[in-house]
Amino acid sequence: MKIAILGTVGVPGRYGGFETLAENLARYHNGTGQHAALTVWCSAKDNAEQPVRFEGADLRYVALRANGVQSIPYDAISLWQAVRSGHDRILLLGVSGALALPLIRLISRARIVTNIDGIEWRREKWKPLARMVLRASEWAAVRFSHEVIADNQAIADHVRDTYERDCHVIAYGGDHALHETGEAEVPEELPDSYALALCRIEPENNVHVILEALDGLDIPLVFVGNWDNSDYGRELKARYSESTNIFLLNPIYDPGSLYAVRARASVYLHGHSAGGTNPSLVEMMHLGVPVLAHGCAFNRHTTAGKARYFQSAEELAEQLRSLDPANAAQIGTDMREIAQNKYTWDQIGRVYFDLLNRA
């Protein structure tokens, strides 16, 4: 049997959740002696180095970017190449290429398993045309995939309520965040302990809410993100870069440096309000850090209702002021226990390959 993983920038993961998922599925496949051959499709535009193998998996490259508007032809071409090269199982990560699935089903007997990601068309960043295309792509993914994966129960509920179809709920692992590597250190200017936020700088991640809440509080905040990639990020960076208790850092991709920054956090602030189970949240849960999260259904499911939640800057500020050491310690313990029980790559890899094998 030949399995293809499509829809990511590529491996090893340097970008986001799907890349981390693909990387850890490849590691699980290699480490457990799976008999099926594995191929991961990658973006030639987004990878300066283009190795042909990773953890026993073959790597194929498409000369398009894997994100933005190019993600649609990128995924469609990857699908075509995967079926033309005789792959029996296709794991499609995301719905960008799903409008090609009716044709793929006509010309191929490959079994298609699609992780539909978050409810992408609801994200604030999309204009009406993009929103319409993404909604149609979600419909096509649910209608024409043999099996559908949601990474969060709230997304599975959406699929059932909207399309009258059940899907598999499989989250992400986060235990790789515990693997300290090298001698990386935090930047010298940072305090010994701080509140930490880490995300792409987008409105639906409530970056402005977190910054407004912490501005002026007697609590240091370290916020890691791609501040220079949008007007939204640049405006926030200009507004808050002079705040004495706020430290704005550029993205950190090196695992050792990221571990060093995370390990000194006294509380983790998670503003994501869309997208399902967020990898950065389950990674921090493994570190046993107390979590204050946006109170959307996705985050409540991920944390089993045992974090603290906020909807506004005022509510977040009050949560921080009222968080005493005993409560913080209990939340951190709860987060670690949930993560160890639900969000490890051994569990996630086993469920994914069991599903692919029987699809």
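Up top you'll find the structure we're talking about.
Values in this document were obtained by computation on a predicted structure and should not be read as measured data. (Residues numbered from 1 in each chain as written. Predicted model: local features only at pLDDT ≥ 70, side-chain atom pairs only at ≥ 80, totals over all residues. Heavy atoms only, no water.)

### Looking at the packing of helix α6 (residues 207-214) against helix α7 (residues 231-240)
Moving on, step 1. As a packed pair, α6 and α7 sit with axes 11 Å apart at the nearest point and diverge in direction by 5 degrees. With respect to each other, α6 and α7 are oriented roughly parallel. Residues V207, H208, L211 and E212 of α6 form the contact with α7, whose own contacting residues are Y232, L236 and Y240. (Axes fitted to C-alpha atoms, helices over the stretch in contact; angles between N-to-C directions. Helix = DSSP H or I, 4+ residues; strand = E, 2+ residues; numbered from the N terminus. Parallel < 35°, antiparallel > 145°, perpendicular 65-115°, else oblique. Contact = heavy atoms within 4.5 Å.)

### Re helix α11 (residues 313-322)
Residues separated by three or four positions in an α-helix point in the same direction, a consequence of the helix having 3.6 residues per turn.
Moving on, step 1. Every buried residue of α11 is accounted for by A313, L316, A317, Q319 and L320. Within α11, the buried residues cover an arc of 160 degrees as seen down the axis, which keeps them to one side. What points out from α11, more than 90 degrees from its buried face, is the exposed set E314 and R321.
Moving on, step 2. On its buried face, α11 is in contact with α6, β12 (265-270), β13 (291-294) and β14 (308-310). (Buried < 20%, exposed > 50% of the residue type's maximum accessible area, 1.4 Å probe, protein only. Arc of directions from axis to C-beta.)

### A short note on the pattern of salt bridges
Moving on, step 1. The full count for this structure, using the stated rule, is eleven salt bridges.
Moving on, step 2. When the shortest N-O distance is used, the salt bridge between E23 and R27 registers 3.0 Å. Of the two residues, E23 and R27 are both situated in helix α1 (residues 17-31); the distance of four residues between them amounts to about one turn of the helix.
Moving on, step 3. Taking the shortest distance from any N to any O, the salt bridge between R160 and D161 comes out at 3.6 Å.
Moving on, step 4. Residue classification places D161 among the exposed positions, given a relative accessible area of 57%.
Moving on, step 5. Residues joined by salt bridges that share partners form a network here, namely E23, R27 and E55. (Salt bridge = Lys/Arg side-chain N within 4 Å of Asp/Glu carboxyl O.)

### Here we look at the pairing of strand β7 (residues 147-150)
Moving on, step 1. Sheet analysis places strand β6 (residues 111-115) next to β7, joined by three bridges and oriented parallel. When the bridges of β7 are listed, V113 appears paired with E147.
Moving on, step 2. With respect to chirality, the unit in which β7 leads through helix α5 (residues 153-163) into the neighbouring parallel strand β8 (residues 168-169) is right-handed. (Pairing = 2+ DSSP bridges. Right-handed = clockwise from strand over helix to strand, strands pointing away.)

### Topic: unusual backbone geometry
Moving on, step 1. In this chain, V11 is followed by P12 through a cis amide linkage whose omega measures -5 degrees.
Moving on, step 2. Relative to the helices and strands, P12 is located in the loop between β1 (2-6) and α1.
Moving on, step 3. Non-glycine residue E164 carries a positive phi angle of around 55 degrees.
Moving on, step 4. Structurally, E164 is set in the loop between α5 and β8.
Moving on, step 5. By relative accessible area, which is 74% here, E164 ends up exposed.
Moving on, step 6. The phi angle at A304 is positive, at roughly 55 degrees, despite the residue not being glycine.

### Re the sheet that holds β14
Moving on, step 1. In spatial order, the strands read β11-β10-β9-β12-β13-β14; together these six strands make up an open sheet with parallel pairing. At either margin of the open sheet sits one strand with a lone partner, and together these are β11 (246-249) and β14. The mean angle between the axes of side-by-side strands here comes to 25 degrees, regardless of whether they run parallel or antiparallel.
Moving on, step 2. Along the sheet, helix α9 (residues 279-286) contacts β9 (194-198), β12 and β13; its crossing angle with β12, the most-contacted strand, is approximately 155 degrees.

### Looking at the environment of G233
Moving on, step 1. As for its position among the elements, G233 is in helix α7.
Moving on, step 2. In this structure the C-alpha to C-alpha distance between G233 and I201, which are 32 residues apart in sequence, comes to 5.7 Å.

### Section: the nonpolar core
Moving on, step 1. Membership of the largest hydrophobic core comes to 89 residues, with the highest contact counts inside it found for L211, L221, F223 and L269.
Moving on, step 2. Beyond its immediate sequence surroundings of up to four residues, F223 is in contact with A197, L198, C199, I201, V207, I210, L211, F247, L248 and L249.
Moving on, step 3. Of all hydrophobic cores here, the second largest spans 34 residues; its members include V62, V83, A141 and V159. (Core = buried A, V, L, I, M, F, W, Y, C linked by side-chain atoms within 4.5 Å.)

None of the figures reported here should be taken as evidence of function without further support.
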